[in-house]
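Observations on chain architecture
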Amino acid sequence: MTLTAPAPPASHPDREAPAAIDAPPRVSAPVVPPGAARRRARGADALQAAVWLAALTGIAFMIASGAFLDGGVWGWLRMISRALGIVAAVMMLAQLLLASRAPWIDRVIGHDKAITLHTEYGVTSVVVMLLHIGAVTVADAHVAGDNPASQLLAYWSYDWFLAWALVSLAATAIVLVTSFASARARLPYHRWHAIHLLSYVSIALAVPHQFLQGETFRGMGAAWWFWFALWVGSGSAFLFWRVVKPVVVNRRHRLTVSALRRESDGSITVTLAGRAVRSLGAQSGQFIGIAFGRLAFAREMHPYSLSAAPGDTLRVTVKPLGDASARIASLKVGTAAWIEGPLGIFTHGSRSGRDLVLIGAGIGVSPLRSLLEDAPEGGRISVVLRGRSRDEVPLLDEIESLARKRRASYALLAGGRGRTWGTADREVTLVGAIARPHDTDVFICGPHEWGRVVQADALAAGVPKEAIHREEFAW
Ligand SMILES: Cc1cc2nc3c(=O)[nH]c(=O)nc-3n(C[C@H](O)[C@H](O)[C@H](O)COP(=O)(O)OP(=O)(O)OC[C@H]3O[C@@H](n4cnc5c(N)ncnc54)[C@H](O)[C@@H]3O)c2cc1C
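Here the structure is a predicted model, which means the values were calculated and not measured.

On the surface, Leu-239, Phe-240, Val-243, Val-244, Val-247 and Val-248 cluster together into a nonpolar patch covering about 470 Å² of accessible area. Position of Leu-239 relative to the elements: it lies in helix α10 (residues 222-253). Looking at Leu-239, the relative accessible area reads 49%, which means it is partly exposed.

Rendered as structure tokens:
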């Protein structure tokens, strides 16, 4: 694949002088901290180790409470069920933390990884919780000389905190069923998301019985304080970053729509202005959750990537895909915006190499446009865009003029789908096209399957795994 400088628009005075440049001239090395991605991988491992350490400590406290040693087989079953309950609860704690949008989570492991772990812990904690309930119900049913089904219902009349735990079980079952791919495919995202919020109700309802049922976390000893600290820590992180912080940020910055522009592909570019926007500390490549209009704080947030380098304003470009994104077209200048974030690690801060390759398809070019604008001086820059036609790629003129200004190599792959990630009449590969693969970061943003093929091609071209950064517009 030959990358050339984008031809200046017809009206440009030096139209006659386009030059084919495979290797742009070298200048001083960019200021990029090495190994951010490796640090994040370690961060994710450390977080997972902390989760298991918390679960094992909880189980150690349970065994130390010595309640079951004389209980025979059924005592053992009850002990196993309590251990399972502790593991499930610790995973729910981790889920809260991972969904808290706390900046250190973003820094340590990255938002995408946090969402992935949140989902993984979600599925595992529900399965382990069901095993916990199954085991304790069978053990209690045996002691009571009853069958497990009646025993489960009998808990309702035992104590208020066990009745709450049963409601928590019902709420979890609803969240679980609607999260199955088949059910999720039938539900509009905003309805699925509303049901999904039930999981926080389920977590809250399950907490009291952990302290009041059984011996382990009762009576304010070391075990109680340990368990109390875990819940207060995760719960307050969640409430602070998901509720308090957004209120403080939005009251402080008071963002409103200051400009709207329709793009060639029907997307709408929205510019937000407000107070001290720079102090939000947004970086190119990041995204913000946004809701518009009156009572915006109560509306569902939708994530949109910054489509220009952040400064005194923030800018996003939105493709109408469903009901919320389609409504953007009817926004008016002056409309209030409520934001969450900035979030995400699809930034220059994640780089470890001197050279930069930006590859995007369709609306996926929007974060790449801001990364191109803000790329640190030095190193080689290459931009590869993909769309069914020139018009299908939003912000194209801006990107081409930035590429010229940054003297980047550039290619627009316009046309029908090809066998790999190029077009039907222009198959492409990065293999042999990247001058210093071991010293290059590749940023990819586009549809899942296409992005996966580009990523594999970058790996085949010799780009290190941690220097390949992918953003996807769906979680
Ligand atoms: C990190 C990230 C950055 C994004 N950046 C951009 C961007 O710059 N420009 C752009 O046009 N689109 C972007 N998107 C996609 C955008 O968020 C969705 O298209 C939008 O939320 C669709 O909502 P809807 O109500 O219009 O459509 P719906 O019909 O409700 O949803 C269509 C699909 O969008 C996704 N989606 C819907 N609501 C949400 C939500 N609240 N959170 C996450 N995903 C959701 C779901 O996968 C859903 O299947 C981004 C998504 C993510 C995750």
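Having seen the model, we can carry on.
Segmenting the chain into domains produces domain 1 (36-248), domain 2 (254-343) and domain 3 (353-471). Domain 2 puts 18 residues into the contact, and the matching count from domain 3 is 16 residues. Buried surface at the junction of domain 2 and domain 3, summed over both partners, amounts to about 1200 Å²; 52% is from carbon and sulfur atoms. Between the two partners, domain 2 and domain 3, sit 2 salt bridges. Salt-bridge contacts for Arg-261 lead to Glu-398; the nearest nitrogen and oxygen are separated by 2.9 Å.

The next point concerns the confidence of the model for the chain. Of the residues in the chain, 92% have a pLDDT of 70 or more, and the chain-wide mean is 88. Of the regions scoring below 50 in pLDDT, residues 8-32 engages in 44 contacts with residues more than four places distant in sequence or in other chains.

As a further point, take unusual backbone geometry. A cis amide bond, omega 5°, links Gly-341 with the succeeding residue Pro-342. Within the secondary structure, Pro-342 is located in strand β6 (residues 337-343). For Arg-101, which is not glycine, the phi dihedral falls at a positive 60°. Judged by its relative accessible area of 17%, Arg-101 falls in the buried class. With a phi close to 45°, Ala-276 is a non-glycine residue in the positive phi region. Within the element layout of this structure, Ala-276 appears in the loop between β2 (268-273) and β3 (287-292).

Put simply, the second largest pocket is a space of about 1500 Å³. Leu-321, Ile-363, Gly-446, Pro-447 and Phe-473 are, among the 41 residues lining the second largest pocket, the residues nearest its centre. Mapped by element, the contributors of at least two residues to the lining of the second largest pocket are α8 (189-196), β4 (302-305), β5 (313-318), α11 (323-327), β8 (381-387) and α14 (448-460). Of the residues assigned to the lining of the second largest pocket, the class counts are 16 nonpolar, 14 polar and 11 charged.

The next point concerns α10. For α10, with 32 residues, the first-to-last C-alpha span of 43 Å sits near the 46 Å given by 1.5 Å per residue. At Phe-240, α10 shows its maximal bend, which comes to roughly 40°. Residues Ala-223, Trp-224, Phe-226, Trp-227, Trp-231, Ser-234, Ala-237, Phe-238, Pro-246, Val-249, Asn-250 and His-253 constitute the buried set of α10. A positive backbone phi angle near 40° is found at Arg-254, which sits one or two residues after α10.

Turning our eyes to something else, we now look at the sheet that holds strand β1 (residues 256-262). Taken in spatial order, the 3 strands line up as β1-β2-β5 in an open sheet, and their pairing is antiparallel. Each end of this open sheet is capped by a strand with a single partner; those strands are β1 and β5. Put simply, the sheet's adjacent strands are angled 20° from each other on average, direction ignored. Here β2 pairs with β5 via 6 bridges, running antiparallel. By the bridge assignment for β5, Thr-269 is matched with Thr-317.

The rules behind each value
Residues numbered from 1 in each chain as written. Predicted model: local features only at pLDDT ≥ 70, side-chain atom pairs only at ≥ 80, totals over all residues. Heavy atoms only, no water. Patch = residues over 30% accessible without salt bridge, like charges linked within 9 Å, V, L, I, M, F, W, Y side chains within 5 Å. Areas by Shrake-Rupley, 256 points an atom, 1.4 Å probe, with all protein chains shown as cover. Salt bridge = Lys/Arg side-chain N within 4 Å of Asp/Glu carboxyl O. Helix = DSSP H or I, 4+ residues; strand = E, 2+ residues; numbered from the N terminus. Buried < 20%, exposed > 50% of the residue type's maximum accessible area, 1.4 Å probe, protein only. Domains from an automatic or database assignment. Contact = heavy atoms within 4.5 Å. Buried area = accessible area lost by both parts, 1.4 Å probe. pLDDT = per-residue confidence, 0-100. 1 Å grid on protein atoms, 1.4 Å probe; cavity = no way out; pocket = protein on both sides within 12 Å on 5 of 7 lines; lining within 4 Å. Points joined across faces, edges and corners; volume = space filled by probe spheres on them. Nonpolar A, V, L, I, M, F, W, Y, C, P; charged D, E, K, R; others polar. Expected span 1.5 Å × (residues − 1). Bend = angle between axes of the 7 residues up to and from the residue. Pairing = 2+ DSSP bridges. Axes fitted to C-alpha atoms, helices over the stretch in contact; angles between N-to-C directions.

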